[in-house]
Amino acid sequence: MSGSREVKRRIKSVENTRQITRTMELVATSKLKRATDRVYATRPYAEALEGIVSGLYSPALSEKYPILRRPDEERRAAVLLLTANRGLCGAFNANLIKEARGLMDDLRARAIEPELHVAGKKAVAYFRFRGEEMLTERVDIGDNPSVEEAESLIGPVRERFETGVVDAVYLVSSEFRSAMSTPPQTRRILPIEGDPEAPPADHYILTPSADVILERILPSYIRNVVFTALVENAAAEQGARRSAMKNATDNAGEVLENLKRTYNRARQAQITQEIAEIVGGSAALE
Amino acid sequence: MASLTVRVASPQATVFDGEAAAIVAPSWDGQVGVLPGHAPMLALLGAGVLTVDRPGGGSEAFHVAGGVLKVERDTVTVLTEYAGDEPAPEGAFEAFDLAEDAED
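Because the structure is a prediction, the values reported are computed rather than measured.

Chemist: So what's going on with the overall build of chain A? Residues and values would help.
Modeler: Along the backbone of chain A there are five helices and six strands. From first element to last, N terminus to C terminus, chain A shows the α and β order α-β-α-β-α-β-α-β-β-β-α. In terms of principal-axis extent, the alpha carbons of chain A reach across some 115 × 40 × 30 Å. Taking contacts inside chain A between residues at least 6 apart in sequence as the whole, the part at least 24 apart equals 77%. Accessible surface, chain A as shown: approximately 14,800 Å² in total, 52% of it carbon and sulfur. Positive and negative side-chain charges in chain A, numbering 41 and 41 respectively, have mean positions lying 9 Å apart.

As structure tokens, this is what we get:
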């Protein structure tokens, strides 16, 4: 029976697909574990550094250092978008690209010219296809991002801010709330916003002095914001991939169940027909 | 006996988190020692060895490079660009332009 053979072939193909998606789910689960550990390991440093920067920052210092510059109006803004190098992770990359496009439309509506800096093969391919100009195209940052990679990514952008080419820097990346919840988020990382509620550090012994410490610490602060964003993004990607592959595996199971039912029904129909033919044949002989 | 609560963190990891009797850190202009009861302080770090003396005797040492040291109410937070058992790789922190103008 050609019908049942066809169904059998499809069952085999779906089984193979399910095997692949299940393996990818397992791989993503183990990578997610390691990536999540890295996310939690970066947090103490990031939180403590943020506290120190907020404590030292005062608007009066902004006159002296280019990195503290507070432009009166934004004319040009850098958008740094972090996506994944690989697909098959659900809407992860699409969500980030959508967030970045929304931000750029918003900036244009406020008469601010956006410029794109992109990390991740998926967004690079997307914006290249759309013919958007990108000033940075990075596809070499992997699952385990390093501080050096963060520096090489943000360094040139920071320089553009310091020299006044851009008046603001926005960072679009995934927030790693949990493995299941990784919404895209936009943060303005430059100019630096002091936290007005942070306790001021004026009762400290400061060596060498507040402004020198700040001048030294700020580049590493900005770099660290990008570094933690890269680390969180890597974890979020694995989380998204695990969910996507789990759904794919579950769906494949459902499809298989239906196909098997169809196959068995076809087989049973064939047997019934053969019996009917035999019975009919022997009846005709009597 | 009063002791310090010390946390040493690099961007990638927390390398030390615990009690200490004293610490000696490589500040931007030389070694700086911190004992319990130290006044609040923020200091830039250079590159060198950070020593943490345990309350019960014995000590631990880490190589650190760059970053900042914060002391407040017997809590010491060391945030460093690099922390590990080996000295920071030569030239690795040039790009971050830290700790190179100690003679200023």
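Read on, since the account is not over.
Chemist: Tell me about the environment of methionine 24 of chain A, and name the residues and values.
Modeler: Residue and element names in this part refer to chain A. If you trace the backbone, methionine 24 turns up in helix α1 (residues 2-56). Looking at methionine 24, the relative accessible area reads 24%, which means it is partly exposed. Distance from methionine 24 to methionine 245, taken between C-alpha atoms, is 6.6 Å for residues 221 residues apart in sequence.

Chemist: Now, about the side chain of glutamine 238 of chain A: what can you tell me, with residues and values included?
Modeler: All names here are of chain A. The topology assignment puts glutamine 238 in helix α5 (residues 210-285). The exposure class of glutamine 238 is buried, given its relative accessible area of 4%. When sequence neighbours within four positions are dropped, the list of residues in contact with glutamine 238 reads Ala28, Lys31, Leu32 and Asp143.

Chemist: Lay out the interface of chain A and chain B with the relevant residues and their values.
Modeler: On the chain B side, the residues contacting the 26 residues of chain A number 30 residues. The largest per-residue losses of area from chain A upon contact with chain B belong to Tyr45, Tyr204 and Arg216 of chain A, which jointly make up 30% of the total buried on that side. In this assembly, chain A and chain B are joined by one salt bridge. Between glutamate 81 of chain B and arginine 223 of chain A there is a salt bridge, and its shortest N-O distance comes to 2.7 Å. Across the contact surface, chain A and chain B share eight residue pairs in polar contact (both at pLDDT 80 or more). Where the side of chain A that touches chain B is concerned, the elements lending two or more residues are α1, α4 (147-162), β6 (205-207) and α5 of chain A. Residue composition of the side of chain A that touches chain B, grouped by class: 17 nonpolar, five polar and four charged. Note: β6 of chain A against strand β5 (residues 41-44) of chain B, three bridges, orientation parallel. Within the sheet, the bridge partner assigned to leucine 206 of chain A lies in β5 of chain B and is leucine 42 of chain B.

Chemist: Would you mind going over the pairing of strand β2 (residues 14-20) of chain B in detail, with residue names and values included?
Modeler: Direction of pairing for strand β1 (residues 4-9) of chain B relative to β2 of chain B: antiparallel, over a ladder of six bridges. In the strand pairing of β2 of chain B, valine 8 of chain B is matched with phenylalanine 16 of chain B.

Chemist: Give a description of unusual backbone geometry that names residues and reports values.
Modeler: Glycine aside, a negative phi is what most residues show, and trans is what most peptide bonds show. Residues and elements named next belong to chain A. Of note, the bond from leucine 190 into proline 191 is cis; its omega dihedral lies within 30 degrees of zero at -5°. Topologically, proline 191 is positioned in the loop between β5 (184-190) and β6. Cis geometry marks the peptide bond from threonine 207 to proline 208, where omega comes out at -5°. Note that proline 208 resides in the loop between β6 and α5. At alanine 111, a residue that is not glycine, the phi angle is positive and equals roughly 60°. Within the fold, alanine 111 resides in the loop between α2 (92-109) and β2 (113-119). On the basis of relative accessible area, alanine 111 is assigned to the exposed category, the value being 64%.

Chemist: Just give me the short version of the pattern of salt bridges, but keep the residues and values in it.
Modeler: Applying the stated criterion to the full structure yields 23 salt bridges over all chains. Its salt-bridge partner being lysine 31 of chain A, residue aspartate 143 of chain A comes within 3.2 Å of it at the nearest N-O pair. Highlighted residues: aspartate 143 of chain A in the loop between β3 (134-138) and α4 and lysine 31 of chain A in helix α1, separated in sequence by 112 residues. Note that glutamate 151 of chain A is salt-bridged to arginine 223 of chain A, the shortest N-O span being 3.0 Å. You can see glutamate 151 of chain A sitting in helix α4 and its partner arginine 223 of chain A sitting in helix α5, a full 72 residues away along the chain. Given a relative accessible area of 10%, glutamate 151 of chain A falls into the buried group. Residue classification places arginine 223 of chain A among the buried residues on the basis of a relative accessible area of 1%. Shared partners join several salt bridges into a network, and the residues in it are Glu151, Arg158 and Arg223 of chain A together with Glu81 of chain B.

Chemist: Provide a residue-level description of the sheet that holds strand β1 (residues 76-82) of chain A, including the pertinent values.
Modeler: Residues and elements named next belong to chain A. Strand order in the open sheet made by the five strands is β3-β2-β1-β4-β5, with mixed pairing throughout. Lying at the two open borders of the sheet, with one neighbouring strand each, are β3 and β5. Sheet twist, expressed as the mean angle between neighbouring strand axes with direction ignored, is 20°. Relative to β2, β1 runs parallel, the two sharing seven bridges. Counterpart to alanine 78 in the pairing with β2 is glutamate 115. Sheet contacts for α5: β1, β4 (168-174) and β5; angle to β4, the most-contacted strand, approximately 25°.

Chemist: Tell me about the packing of aromatic side chains, and please be specific about residues and values.
Modeler: Residue and element names in this part refer to chain A. A complete count under the given rule lists two aromatic pairs over all chains for this structure. Summarising the aromatic geometry, the rings of tyrosine 126 and phenylalanine 127 are spaced 5.0 Å apart at their centres and angled 85° between planes, so their arrangement reads as edge-to-face. Under the relative-accessibility criterion, tyrosine 126 is labelled partly exposed at 24%.

What counts, and where the lines are drawn
Residues numbered from 1 in each chain as written. Chains lettered and ligands numbered in written order. Predicted model: local features only at pLDDT ≥ 70, side-chain atom pairs only at ≥ 80, totals over all residues. Heavy atoms only, no water. Helix = DSSP H or I, 4+ residues; strand = E, 2+ residues; numbered from the N terminus. Contact = heavy atoms within 4.5 Å. Areas by Shrake-Rupley, 256 points an atom, 1.4 Å probe, with all protein chains shown as cover. Lys, Arg positive; Asp, Glu negative; His and termini not counted. Charge placed at Lys NZ, Arg CZ, Asp CG, Glu CD. Buried < 20%, exposed > 50% of the residue type's maximum accessible area, 1.4 Å probe, protein only. Buried area = accessible area lost by both parts, 1.4 Å probe. Salt bridge = Lys/Arg side-chain N within 4 Å of Asp/Glu carboxyl O. Polar contact = N/O pair within 3.5 Å; in protein donor to acceptor, adjacent residues only side chain to side chain. Nonpolar A, V, L, I, M, F, W, Y, C, P; charged D, E, K, R; others polar. Pairing = 2+ DSSP bridges. Axes fitted to C-alpha atoms, helices over the stretch in contact; angles between N-to-C directions. Phe/Tyr/Trp six-rings, centres within 6.5 Å; stacked < 30°, edge-to-face > 60°.

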